[in-house]
Amino acid sequence: MKIKNALNSCEKYTFSQNYGIIKTTREKRVLQVKGAEEKAGIIMEINIDRASDVDSWKEVMLIYNSALKQVETKLEVLNDEFQHVHRYNPIEHIKSRIKTSESIVKKLKKNGYESTISNMIQHVNDIAGIRVICSFTSDIYRVADMISNQKDIKIISVKDYITHPKASGYKSYHMIVMIPVYLSDRTVDTKVEIQIRTVAMDFWASLEHKIHYKFEGNAPEKIKNELIECANMVSDLDAKMLSLNEEIRAISERVR
């Protein structure tokens, strides 16, 4: 993606979480990210080389939002088609989000990158994220296959945390895909992260996420162990529900 090159001034701009711009000073070329960390005296900044990069930031966010809309629409169409052909919906519901500027800066710093727009585009793969919630584990792989078969979607990477769960007990199926966003004057290939999981997996992951931030990643061992036990229970529940569903389908087929 091209970033505009004209150097108009060396101004400093402050970004709120909804990307509103407040011009402040000419001392430093940065985009300052306002967020919870600011209350603790920590200033997070996205460096810029020119004032025109403020427009580039807005354009980048527009493109990521557009990529989300395209992937979400594809998934809805595929789900409707599956219902039409098979009388069954593999997708329960879809959630989407754009990563906050605060989270983007944190991730760049964690991985040792300078906080620039170009680094953000190149090294942060989950700025645009979609979570697909399915009823059964088998639906996860069915949806992943449908996504992979889309001719205009390129699969960048896949991480199967269902077959190979994280040590914490986390299970989900992650795909980083590239999708073309068609603008009036060009096409921009844009990365989107897709997470596919069951309702039960999503419930567990939501609770684990809250606990992780509550203890800033250092939860007591007792809580960690109990979360792993809960993850095992979730896996058992998913397996039993899948078995029950297959039994119901088999009975339905015999009745026909």
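Residues numbered from 1 in each chain as written. Predicted model: local features only at pLDDT ≥ 70, side-chain atom pairs only at ≥ 80, totals over all residues. Heavy atoms only, no water.

Trainee: Lay out the overall build of the protein in plain terms, naming residues and giving numbers.
Mentor: Helix and strand counts for the protein stand at seven helices and nine strands. Residue burial in the protein is summarised as follows: out of 256 residues, 42% are buried. Considering only contacts within the protein whose residues lie at least 6 apart along the sequence, 60% involve residues at least 24 apart. For the protein, the exposed area adds up to about 14900 Å²; of that, 51% sits on carbon and sulfur atoms. (Helix = DSSP H or I, 4+ residues; strand = E, 2+ residues; numbered from the N terminus. Buried < 20%, exposed > 50% of the residue type's maximum accessible area, 1.4 Å probe, protein only. Contact = heavy atoms within 4.5 Å. Areas by Shrake-Rupley, 256 points an atom, 1.4 Å probe, with all protein chains shown as cover.)

Trainee: Lay out the side chain of Arg197 with the relevant residues and their values.
Mentor: Here Arg197 shows up in strand E9 (residues 187-198). Classification of Arg197 by relative accessible area gives buried; the value is 2%. At 3.4 Å, the side chain of Arg197 forms a polar contact with the side chain of Ser172. At 2.8 Å, the side chain of Arg197 and the side chain of Gln195 are in polar contact. Apart from residues no more than four positions distant in its own chain, Arg197 is found in contact with Arg131, Val132, Ile133, Cys134, Ile140, Tyr170, Lys171, Ser172, His174, Asp202 and Ala205. (Polar contact = N/O pair within 3.5 Å; in protein donor to acceptor, adjacent residues only side chain to side chain.)

Trainee: Break down helix H6 (residues 199-214) for me, with residues and values.
Mentor: Helix length check: H6 (16 residues) gives 23 Å between terminal C-alpha atoms against 22 Å at 1.5 Å per residue, within 8%. Along H6, the residues classified as buried are Ala200, Met201, Asp202, Trp204, Ala205, Glu208 and Ile211. On its buried side, H6 packs onto strand E5 (91-98), strand E6 (128-134), helix H5 (137-148), E9 and helix H7 (221-255). Remark: Glu216 follows H6 within two positions and exhibits a positive phi of approximately 55°. (Expected span 1.5 Å × (residues − 1).)

Trainee: Could you give me a rundown of the packing of aromatic side chains, with the residues and numbers involved?
Mentor: Here the structure, examined in full by the defined rule, presents three aromatic pairs. Ring geometry for Phe82 against Tyr88: centres 6.2 Å apart, planes inclined by 65°, an arrangement best described as edge-to-face. Overall, the relative accessible area of 12% leaves Phe82 in the buried class. Sitting over the face of the ring of Tyr161, Lys166 holds its NZ or CZ atom 4.9 Å from the ring centroid. (Phe/Tyr/Trp six-rings, centres within 6.5 Å; stacked < 30°, edge-to-face > 60°. Lys NZ or Arg CZ within 6 Å of the ring centre and 35° of its normal.)

Trainee: Can you lay out the pattern of salt bridges for me, pointing to particular residues and giving the numbers?
Mentor: Counting across every chain of the model gives 12 salt bridges. A salt bridge links Glu59 to Arg186, with the nearest nitrogen and oxygen atoms 2.8 Å apart. You can see Glu59 sitting in helix H2 (residues 53-86) and its partner Arg186 sitting in the loop between strand E8 (173-182) and E9, a full 127 residues away along the chain. Residue Arg186 is classed as partly exposed on the basis of its relative accessible area, which comes to 28%. For Lys99, the salt bridge is made with Asp126, and the minimal N-O distance between the two is 3.1 Å. With Lys99 in the loop between E5 and helix H3 (101-110) and Asp126 in the loop between helix H4 (117-123) and E6, this pair connects stretches of sequence that are 27 residues apart. Each of Arg97, Lys99, Lys107 and Asp126 takes part in one network of salt bridges that share partners. (Salt bridge = Lys/Arg side-chain N within 4 Å of Asp/Glu carboxyl O.)

Trainee: Please give an account of the sheet that holds E9 that cites residues and values.
Mentor: A sheet is described by the order of its strands in space; here five strands give the open sequence E5-E6-E9-E8-E7, paired in mixed fashion. The sheet is open, and its two borders are formed by E5 and strand E7 (154-160), each paired with just one other strand. If you compare each strand with its neighbour and ignore which way they point, the axes differ by 25° on average. (Pairing = 2+ DSSP bridges. Axes fitted to C-alpha atoms, helices over the stretch in contact; angles between N-to-C directions.)

Trainee: Give me the lowdown on the nonpolar core, citing residues and values where you can.
Mentor: Counting residues in hydrophobic clusters, the biggest one holds 51 residues, and the most contacted among them are Met120, Val132, Val143, Ile147, Val192, Ile194 and Ile196. With 11 residues, the top contributor of residues to this core is H2. Discounting chain neighbours no more than four positions away, the residues touching Met120 are Trp57, Val60, Met61, Ile104, Leu108 and Ile127. (Core = buried A, V, L, I, M, F, W, Y, C linked by side-chain atoms within 4.5 Å.)

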